[in-house]
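The chain contents come next:
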Amino acid sequence: MATLFCTKKYHRYTIDKLNSFINRVENGIYTNSTVFINTPLTKIDFLTIKNAYIAAWAAYDLYGKTKKTQYATNKKELMIMLDLLADYVTDLSKNDISIIVLSGFEPSKSTQLKNPSLQKILFFSAKIPNTSGELLVEVPKLSDSRNIHYYCICSEEKELSPKSFIDGTLQMRSIDHMVYINFNKMRKKHFKGLQSATWYYVYVFASNATSVSPLSDPIKIMVG
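Here's a quick rundown of the structure.

Burial of strand E6 (residues 179–182) is one-sided: the residues Tyr 180 and Asn 182 facing one way are buried, the residues Val 179 and Ile 181 facing the other way are not. Of the pairings in the sheet, the one linking strand E3 (residues 149–156) to E6 comprises four bridges and is antiparallel in character. Looking at the pairing, Ser 155 lines up with Val 179 of E6.

This next bit is on helix H3 (residues 68–93). When the terminal C-alpha atoms of H3 are compared, their 37 Å separation across 26 residues agrees well with the 38 Å that a helix rising 1.5 Å per residue should span. Directly beyond the C-terminal end of H3, a positive phi value near 50° is found at Lys 94.

Looking now at the pattern of salt bridges. Tallying each qualifying case throughout the model produces five salt bridges. A salt bridge links Asp 87 to Lys 8; its shortest N-O distance comes to 3.1 Å. Of this pair, Asp 87 sits in helix H3 while Lys 8 sits in the segment before helix H1 (15–30), and the two are 79 residues apart along the sequence. Judged by its relative accessible area of 39%, Asp 87 falls in the partly exposed class. With a relative accessible area of 32%, Lys 8 lands in the partly exposed category.

What follows concerns the packing of aromatic side chains. Tallying each qualifying case throughout the model produces 11 aromatic pairs. Between Tyr 13 and Phe 21, the ring centres sit 5.6 Å apart and the planes meet at 80°, which makes this aromatic pair edge-to-face. Ring centres 4.7 Å apart and planes at 55° place the aromatic pair Phe 165 and Phe 205 in the tilted group. In this pair, Phe 165 sits in strand E4 (residues 165–166) while Phe 205 sits in strand E8 (residues 198–207), placing the two residues 40 residues apart along the sequence. Of the residues examined, Phe 165 reaches a relative accessible area of 12% and is grouped as buried. Classification of Phe 205 as buried rests on a relative accessible area of 8%. One aromatic cluster is present, built from ring pairs that chain together Tyr 10, Tyr 13, Phe 21 and Phe 105. Here the basic side chain of Lys 67 rests over the ring of Tyr 63, its NZ or CZ set 6.0 Å away from the ring centre. Over the aromatic face of Trp 199 sits the side chain of Lys 220, whose NZ or CZ is 4.7 Å from the ring centroid.

Before going further, it helps to examine the sheet that holds strand E9 (residues 219–223). Strand pairing in a sheet relies on backbone hydrogen bonds. The paired strands run either parallel or antiparallel. Spatial ordering of the open sheet is given by E6-E3-E8-E9, a layout of four strands whose pairing is antiparallel. Taken across any chain shown, the strands that pair with only one partner, and hence form the sheet edges, are E6 and E9. Strand-to-strand twist across the sheet, computed as the mean angle between neighbouring axes with direction ignored, equals 25°. By the bridge criterion, eight bridges tie E3 to E8 in an arrangement that is antiparallel. Bridge pairing in E8 places Cys 152 opposite Val 204.

Analysis parameters
Residues numbered from 1 in each chain as written. Predicted model: local features only at pLDDT ≥ 70, side-chain atom pairs only at ≥ 80, totals over all residues. Heavy atoms only, no water. Buried < 20%, exposed > 50% of the residue type's maximum accessible area, 1.4 Å probe, protein only. Helix = DSSP H or I, 4+ residues; strand = E, 2+ residues; numbered from the N terminus. Pairing = 2+ DSSP bridges. Expected span 1.5 Å × (residues − 1). Salt bridge = Lys/Arg side-chain N within 4 Å of Asp/Glu carboxyl O. Phe/Tyr/Trp six-rings, centres within 6.5 Å; stacked < 30°, edge-to-face > 60°. Lys NZ or Arg CZ within 6 Å of the ring centre and 35° of its normal. Axes fitted to C-alpha atoms, helices over the stretch in contact; angles between N-to-C directions.

Here you go:
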């Protein structure tokens, strides 16, 4: 799993954007002392370096090149401070993006947390519509998950073997009964052309970019 970290894009920020960023980090870290404990710099240390940088920038903006050297020196000290705090927040966060955001730093976009591994679906519904030979199945939306695809299997008159679905692969040595698989990715499934007055065992599972869930326990239902 990739590790989230505080990006250091602030090294390339314009002056206005950098000034806003400094204030955000100050508020993020030093007004949330219950989260950011044992910071490598006290708030007084932070403000001393911040204020020296702002004063040097104001002088450089007013007097130009004659103040450039002092401005460069104070900006370097500011960047060293921000880098120190960024590394501290990265270590503290332990891959928790909310802590990085709270600190005022920007989390790495290329290493967003992966979709969580999907667990076995415990609840879903299967019902018979008024039309003969049809079956409606609906899977509740899985919470706290993104980009999920839902699938459904109907086994005619027989349950699937416990070993028939392994790591997202349906394995059947011989088929002496009909098995219907709905591959549309929506949560609602509509089967047609089933045998009337016949028992069906209905299973569901889901997938995302990270995993395929285990096969659910079946619902046994007779199609009218």
